Amino acid sequence: MGGTMRAVVLGGPGPVGNLVVRDVAVPEVRPGWVRVAVKAFGLNRSELHTRLGLAEGVTFPRVPGIEAVGVVDELDPADEGCGPAVGRQVVTMMGNMGRTYDGGYAEYTLVPVGQVIPFSSELAWEVIGAVPETLQTAYGSLTTGLDLAAGQTLLIRGGTSSVGLAAAALAKGLGATVLATTRKAANVDVLKAQGVDHVLVDDGSVAGAVRALYPDGVDAALELVGTPTLPDTLAATRVHGTVCFTGMLSNEWLVRDFYPIGYLPKGVRLTAYGGESGDLPGEVLQHYLDEIAAGRISLGPTHVYRLDDDDIRQAHMDMEMGRTVGKLVVLTGR
């Protein structure tokens, strides 16, 4: 193809000014890889960690971005028939995108053939762009991480995050009773609109409020804030209940001097979840998109930005400062 494209280039860890939209070469297709014309991409805490210098194994300069949605632009002739055809709508995520090779913050991205998931939808790209990593994380956390079942109670710690909102919608669809936290009373109505049964304003300790509703504790809990709130989340969970550690909204994920017997409440199980594109079945993605299109499920709020210096930097600042509720999505304008 040749030519150039617009891409966000992160020269190295630091402030938002280190994110610069530049004209760079369009990536050339090679065997085993497929080029995607990116229509939109979501922003994630992973890219914030990369920009802040908290991520390991990242080399610079780098085009960040662990997810993107668009259409297949080109694949190597040797790979024809091994993946979606040219023109097919696809999502791609994870697999070291934006870490050891350039990611989705661009008009084109080159990813392994096995890392794209095809779908068909007439939804707007800003809607589709909010789905891939959010859905993969929420779905994997509720299934692999928690094995959540109908009739159970679920606490979502960090309920107004994009993953928290998606998890609430999925859990309600499974027939669970959902409790979710927010640090701001102004966000209570957002969670109620998402179907949350009990909204808790989080001052750092919610276990007491949870047990006032369910004296034995909840059956399952999804930890999206990180290690600062994990002990309290464990304390809100019943004996033989399960807590899944998935998110790090606090940017803290290490437990110092971990002594399991002293840290874990008696009989409470602690798991973790971090998935890849292969952990999201294609039929689950398609069903979720169809449910959104039919109005039977909601992503929650989505905030849309453009592919330019000002908007990219604003989006990263909004994410870093926690100014928004829900998913942040950038449209490439392609």
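First things first, this report covers the structure right here in the doc.

When you go through the chain residue by residue, the secondary structure sums to 10 helices and 15 strands. In terms of C-alpha radius of gyration, the chain reaches 20 Å, essentially the compact-globule figure of 20 Å for 334 residues. Its C-alpha atoms give the chain principal-axis dimensions of about 65 × 40 × 35 Å. Within the chain, buried positions represent 52% of all 334 residues. For the chain, the proportion of contacts with a sequence separation of at least 24, taken over those separated by at least 6, is 71%.

Most often, soluble globular proteins keep nonpolar side chains buried together rather than apart. With 47 residues, the main nonpolar core has Val131, Leu142, Leu154, Ile156, Leu222, Leu285 and Tyr288 as its most contacted residues. Mapped onto this core, the elements with two or more residues apiece are β5 (89–93), α3 (132–145), β8 (153–157), α4 (162–174), β9 (177–182), α5 (188–193), β11 (218–223) and α9 (282–293). The element that contributes the greatest number of residues to this core is α4, accounting for 8 residues. Not counting the four nearest positions on each side in its chain, Leu154 is found in contact with Leu142, Leu146, Leu148, Ala171, Thr177, Val178, Leu179, Ala220, Ala221 and Leu222. Core analysis: the next-biggest nonpolar cluster, separate from the first, contains 25 residues, Ala37, Leu48, Ile312 and Leu328 among them.

What follows concerns the sheet that holds strand β13 (residues 269–272). Pairing between the strands of a sheet comes from backbone hydrogen bonds, and it takes one of two forms, parallel or antiparallel. Spatially, 6 strands are ordered β10-β9-β8-β11-β12-β13 in an open sheet, and the strand pairing comes out parallel. Every interior strand has two partners, whereas the edge strands, β10 (198–201) and β13, have only one. Between one strand axis and the next, the sheet turns by 20° as a mean value, whatever way the strands run. Relative to β9, β8 is paired through 4 bridges, and the arrangement is parallel. In the strand pairing of β9, Ile156 is matched with Ala180. The sheet contacts of α3 involve β8, β11, β12 (237–245) and β13, and relative to β12 the element is tilted by about 145°. Together, β8, β9 and β11 form the strand contacts of α4, whose direction differs from that of β8 by roughly 170°.

Criteria and thresholds
- Residues numbered from 1 in each chain as written.
- Predicted model: local features only at pLDDT ≥ 70, side-chain atom pairs only at ≥ 80, totals over all residues.
- Heavy atoms only, no water.
- Helix = DSSP H or I, 4+ residues; strand = E, 2+ residues; numbered from the N terminus.
- Rg over C-alpha atoms; globule rule 2.2 N^0.38 Å.
- Buried < 20%, exposed > 50% of the residue type's maximum accessible area, 1.4 Å probe, protein only.
- Contact = heavy atoms within 4.5 Å.
- Core = buried A, V, L, I, M, F, W, Y, C linked by side-chain atoms within 4.5 Å.
- Pairing = 2+ DSSP bridges.
- Axes fitted to C-alpha atoms, helices over the stretch in contact; angles between N-to-C directions.

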